[in-house]
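# Results of the structural survey
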Amino acid sequence: PKPALPGVQISMAALAQRGLGLRRLGWMTAMGLRRPPTAARGLAVAAYDRMRNIGISAHIDSGKTTLTERILFFTGRISEIHEVRGKDGVGAKMDSMDLEREKGITIQSAATHCTWKDHAINIIDTPGHVDFTIEVERALRVLDGAILVLCSVAGVQSQSITVSRQMSRYNVPRIAFVNKCDRTGANPWKVINDLREKLKYDAAALQIPIGLEIEHQGVVDLLIREAIVFDGENGEVVTRGPVPAELAAQVEEKRNELIERVAEVDEELAELFLLGEPIEAEPLRLAVRRATLALTFVPVMMGSAYKNKGVHALLDGVLDYLPNPSQVKNMALDLDKGETPIELKCDASEPLCGLAFKLEEGKYGQLTYMRIYQGTIKRGDTVANMSDKKRVKVPRLVQMHSNEMTEVQEGKAGDIVAMFGVDCRSGSTFTDGRANLSLSSMFVPEPVISLALRAKNRESSANFSKALARFVKEDPTFRVTTVEETSETVIAGMGELHLQIYVERMRREYGVDCEVGQPLVAFRETLRVRAPFDYLHKKQSGGNGQYGRVVGYVEPLEEGEKGTFAFENHMVGNSIPPEFLTAVERGFFEALAKGGLTGHPVTNVRVVVTDGAAHAVDSNELAFKLAAQGAFKQAFIIGKPVVLEPLMKVEIEAPNEFQGTIVGQINQRKGNVANVDTRESSVVIDCEVPLDSMFGYSTDLRSVTQGKGEFSMEYFKHSPTSKEKQEAMVAEYQKQFAVKKK
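Residues numbered from 1 in each chain as written. Predicted model: local features only at pLDDT ≥ 70, side-chain atom pairs only at ≥ 80, totals over all residues. Heavy atoms only, no water.

### Focus: the packing of helix H8 (residues 248-265) against helix H10 (residues 281-293)
- As a packed pair, H8 and H10 sit with axes 10 Å apart at the nearest point and diverge in direction by 50°. When the interaxial angle is binned, H8 and H10 end up oblique. As H8 runs across H10, the sense of the crossing is left-handed. The segment H8 lies against H10, with Arg255, Leu258, Ile259, Val262 and Val265 engaging Ala281, Leu284, Ala287, Val288 and Ala291.
- Looking at side-chain class alone, the contact of H8 with H10 contains nine nonpolar, no polar and one charged residues. (Axes fitted to C-alpha atoms, helices over the stretch in contact; angles between N-to-C directions. Helix = DSSP H or I, 4+ residues; strand = E, 2+ residues; numbered from the N terminus. Parallel < 35°, antiparallel > 145°, perpendicular 65-115°, else oblique. Left-handed = near helix turned anticlockwise from the far one by under 90°. Contact = heavy atoms within 4.5 Å. Nonpolar A, V, L, I, M, F, W, Y, C, P; charged D, E, K, R; others polar.)

### What about the nonpolar core?
- If you look at the biggest cluster of nonpolar residues, it comprises 95 residues, and the most contacted ones within it are Leu67, Ile121, Ile147 and Leu195.
- With seven residues, helix H11 (residues 311-321) is the largest single contributor of residues to this core.
- Beyond its immediate sequence surroundings of up to four residues, Leu67 is in contact with Ile56, Ile147, Val149, Phe177, Ala305, Val311 and Leu314.
- Listed in part, the 66 residues of the second largest apolar core include Leu453, Phe523, Met648 and Met713. (Core = buried A, V, L, I, M, F, W, Y, C linked by side-chain atoms within 4.5 Å. Buried < 20%, exposed > 50% of the residue type's maximum accessible area, 1.4 Å probe, protein only.)

### Things to note about the packing of aromatic side chains
- In this structure the tally under the stated criterion is twelve aromatic pairs.
- Residues Phe471 and Phe478 carry aromatic rings whose centres are separated by 6.3 Å and whose planes lie at 80° to one another, so their mutual orientation is edge-to-face.
- On the accessibility criterion, Phe471 (0% relative accessible area) is buried.
- Its relative accessible area of 1% is what places Phe478 among the buried residues. (Phe/Tyr/Trp six-rings, centres within 6.5 Å; stacked < 30°, edge-to-face > 60°.)

### Quick look at the side chain of Asp131
- Inspection of the secondary structure assignment puts Asp131 in the loop between strand S3 (119-125) and helix H5 (133-142).
- With relative accessibility at 5%, the residue Asp131 sits in the buried group.
- A polar contact is formed between the side chain of Asp131 and the backbone nitrogen of Leu497, at a distance of 3.1 Å.
- In this structure the side chain of Asp131 is engaged in a polar contact, spanning 3.0 Å, whose partner is the backbone nitrogen of His498. (Polar contact = N/O pair within 3.5 Å; in protein donor to acceptor, adjacent residues only side chain to side chain.)

### Side note on the sheet that holds strand S26 (residues 479-482)
- The strand order S26-S27-S25-S28 describes an open sheet built from four strands, whose pairing is antiparallel. With partners counted over all chains shown, the strands left at the sheet margins are S26 and strand S28 (514-521), one partner each. Across the sheet, the mean angle from the axis of one strand to that of its neighbour is 25°, orientation sign disregarded.
- As defined by bridge partners, strand S25 (residues 449-455) adjoins S28 across six bridges and the pair is classed as antiparallel. Bridge assignment links Ala455 to a residue of S28, and that residue is Cys514. (Pairing = 2+ DSSP bridges.)

This is the structure in structure tokens:
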């Protein structure tokens, strides 16, 4: 075979070494016949081709909001650059909340739009902190593509893994952007290896850096072999030229690696590769696009958003490699045909179908963000909320630029708009009434922490209730309950910071000062072994009595099974009349609310009913519901119950000299160290620690690392508590129960 590039020899041996071959490529024959070209060559020729809907997501402090600020500046959407922490009194455009500017973190996702090379780009900047994961979840639910931002020093971190999982859940094609190449210790090749090892991406660089750390000047585009240098006060002077001589060999090496990896997942490029034909820039670009849209490849770009380097090329990458709305397959359920899935058409003339994915309380009332998948919505239109079938008029339609609004007359398929004056819940589907469709909502994780809350002043009680009602409506992960015995209000969320932010917002936005109780962990109970039950509920007090008998067993769900409760009917015949089975299931389900060990909810159980008995006169729904509840209590104690507590994945980064002290801290908190990654001057420790042991850890970590240590954590799973802890919890619960009985 002839060499395709200078210094690159294409051969079957090379392909075999990379795991390729005729068997893998299937469509080729031993005679080397070409496969007919695929239909999708290049960009789709349609109006939607010049539109992109993208999200920017990453681990906290990877530079997402800084990157968005530069994108807005270079596209002309803003005239000045402001930094994240708002030290100049202005702050980054996308962090419009005062709390965001003070803390230097993104709390709420924010939408904006800009134009780059005649393409309209809708952007949603999302939080990086795990406590605000719902903001990432609902953004990715409605976006067509994403940029996964990674720190060139830290690489793939805990929240990077979570964000990647969220992107995969909604089949979102992505570009990886290795940011902070100007930082000491920057190593984009280690980051790419992390992408392959930790995230299992088939990833390769589209660029190599021109210098790293303080010498970082720009990048070399591997596709066209061109150096791109960013100069000027804000990086606005972009100079393109030949590849520096000292980088020529590395350019060819990395370009060859890119071609080989893309050829593994793209048939057309593999054909050129096998035949030894020169791989020019355009065929390679189209192959990268096809593989990215097929979710089989992740292109990697790099730069430094803070130093204004690499952003222009990244914007070009968004246009080149991420899909337009018409290239994404979106499904809805046809309610007229028994919820049969149907594919939506990205066509403005079709019946309207849109998803309300985010709510905000604005000065003009509720602001409802909506992604339009099909059809057109106009100001003044009447739309139907498929959740409650109510029809409402759209008085105002706006396009968002962070907290600024621009009035628009209409929104079409592919657009992200916001409606005023439309009362609904997050996740509602809207149509124009011509189609009876419903869109699946986003995944909502369960809260892991709660605390008691009350207003300090009685005069504030009205605003207290108003604020909680608003927050519950806006945030599906924020829950409010009232304890019957004490009438206490308990709020629950994804972490300490999550709840602290809402308490602070109540003070600032509603003038309500609150007294906060101790944080409470979301403990659960479950069974360890199968336990039989045979329970008869019989009550006679004159007239019709109550009679219901249920027989069967309760067992723990297998790991990986969906849901936390399963009910199965294995009866032969109708020992329990069919009309009472729903009452039996409801009785078991209600019994899960309070376990017999510590009073916490019971989870991960399967109830199987095998037999029962009914009375011709005395059996009714209430009797069987009470029989089911009694049966569960009977079986629960036999099933060797155990208390479960939330286990958190914790990632700690600190200077090397503090490694031993930090590991000692983790052991004291009953944690398990899973991995220790030693870098040039720092150590990253991955561990699993019970949430109940993590309260106050931030202060402890700072004190032992002289303020240089930092950590992040996310929920991993519920895991059995230690025997000593369970015994103490059971004793405390029994003590409280005895006091109540008196």
